Amino acid sequence: MLQAIPKTVTFNEFVAWYPENSASRYELHNGVIVEMPLGTGEHSDVTGFISSEINFEIRRSQLVYSIPGDCLLKPARNESGYQPDVIVLDRTALLNEPRWKKESIITMGATVRLAVEVVSTNWRDDYFFKASDYEEMGIPEYWIVDYLGLGGRKFIGNPKQPTLSVCQLVDGEYQVKQFRESERVESLAFPELNLTVEQIFRAG
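So, here's what we can say about the structure. (Residues numbered from 1 in each chain as written. Predicted model: local features only at pLDDT ≥ 70, side-chain atom pairs only at ≥ 80, totals over all residues. Heavy atoms only, no water.)

1. Some points on the pairing of strand β10 (residues 163-170)
Reasoning step 1: Burial within β10 is extensive, with six of its eight residues counted as buried.
Reasoning step 2: Of the strand pairs in this sheet, β10 and strand β11 (residues 173-179) are connected by seven bridges, and their pairing is antiparallel. Each bridged residue has a counterpart across the sheet, and for Gln 168 the counterpart in β11 is Gln 175.
Reasoning step 3: Where β10 hands over to β11, the hairpin turn is made up of two residues, of which Asp 171 adopts a positive phi near 50°. (Buried < 20%, exposed > 50% of the residue type's maximum accessible area, 1.4 Å probe, protein only. Helix = DSSP H or I, 4+ residues; strand = E, 2+ residues; numbered from the N terminus. Pairing = 2+ DSSP bridges.)

See the structure below:
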């Protein structure tokens, strides 16, 4: 379970509080500092595989994108701050980010080409809160990688099954496409990406 630190803070207070070189990762959820659980080996394998495959595609296509080691997303409407499992940034757009150079903070959705969350026991955060906040920020593409089929039935069907949901921004709202098993993931950010759900899930 997540461990919450029972004090409401602003985003700027959270940034100032964040321990330097911390072994733990933290997010801010509506003013509450939340310690994120240490990922399982499978979770880490899936995250690492996605990052490496997308990084290869960035190099192959010679895109001016990067995958930062650390990055904090600041939604516009509330006192929250998220650290996606994988995030792809448009390096040219970073010039317009006022807090990037000194703090690794992203405030504009247009800077983000893709955000990825690999689902764990706190699946509600990925399907409810982060999807809503990423949509409002204007992040054009968001993957919810539910390799264990943990999400609610209204999100991944009944019976539950491992599912990769791709949320793509259309007229300001996310349209969701779901992919399973041997299906190739369709990405707007990486239209030539040749990767199946099975390959991603098998990494874990």
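After that view of the structure, there is still more to cover.
2. Observations regarding helix α2 (residues 41-61)
Reasoning step 1: Given a rise of 1.5 Å per residue, 21 residues ought to cover 30 Å, and the 30 Å separating the end C-alpha atoms of α2 matches this to within 8%.
Reasoning step 2: Taken together, the buried positions of α2 are occupied by His 43, Val 46, Thr 47, Ile 50, Ile 54, Glu 57 and Ile 58. Looking down the long axis of α2, one finds its buried residues gathered within 105° of arc, a one-sided arrangement. Facing away from the buried side of α2 by more than 90 degrees, the exposed set consists of Gly 41 and Arg 59. (Expected span 1.5 Å × (residues − 1). Arc of directions from axis to C-beta.)

3. A look at the sheet that holds strand β9 (residues 141-146)
Reasoning step 1: Read from one edge to the other, the open sheet built from six strands follows the order β4-β6-β8-β9-β10-β11, with strand pairing classed as mixed. The open sheet has two edge strands, β4 (65-66) and β11, and neither has a second partner.
Reasoning step 2: The sheet contact formed by strand β6 (residues 86-90) and strand β8 (residues 112-118) spans four bridges and is antiparallel. When the sheet's bridge partners are listed, Val 88 is paired in β8 with Leu 114.

4. Observations concerning the layout of surface pockets
Reasoning step 1: Quantified by volume, the largest pocket comes out at close to 760 Å³.
Reasoning step 2: Lining of the largest pocket is provided by 35 residues; of these, Arg 25, Pro 37, Gly 39, His 43 and Asp 85 occupy positions nearest its centre.
Reasoning step 3: At the level of secondary structure, the elements contributing two or more residues to the lining of the largest pocket comprise β2 (25-29), β3 (32-36), α2, β6, β8 and α4 (123-137).
Reasoning step 4: At four residues, α2 tops the list of elements feeding residues into the lining of the largest pocket.
Reasoning step 5: Per-class residue counts for the lining of the largest pocket are 15 nonpolar, twelve polar and eight charged. (1 Å grid on protein atoms, 1.4 Å probe; cavity = no way out; pocket = protein on both sides within 12 Å on 5 of 7 lines; lining within 4 Å. Points joined across faces, edges and corners; volume = space filled by probe spheres on them. Nonpolar A, V, L, I, M, F, W, Y, C, P; charged D, E, K, R; others polar.)

5. Remarks on the packing of aromatic side chains
Reasoning step 1: This structure, assessed with the given rule, holds 13 aromatic pairs.
Reasoning step 2: Taken together, a centroid distance of 5.6 Å and an interplanar angle of 75° make the contact between Phe 14 and Tyr 18 edge-to-face.
Reasoning step 3: Accessibility expressed as a relative area gives 26% for Tyr 18, which makes it partly exposed.
Reasoning step 4: Here the aromatic residues Phe 14, Trp 17, Tyr 18 and Tyr 26 are joined through ring pairs into a cluster of three or more. (Phe/Tyr/Trp six-rings, centres within 6.5 Å; stacked < 30°, edge-to-face > 60°.)

Such coordinate-based values are descriptive only and should not be taken to indicate function.
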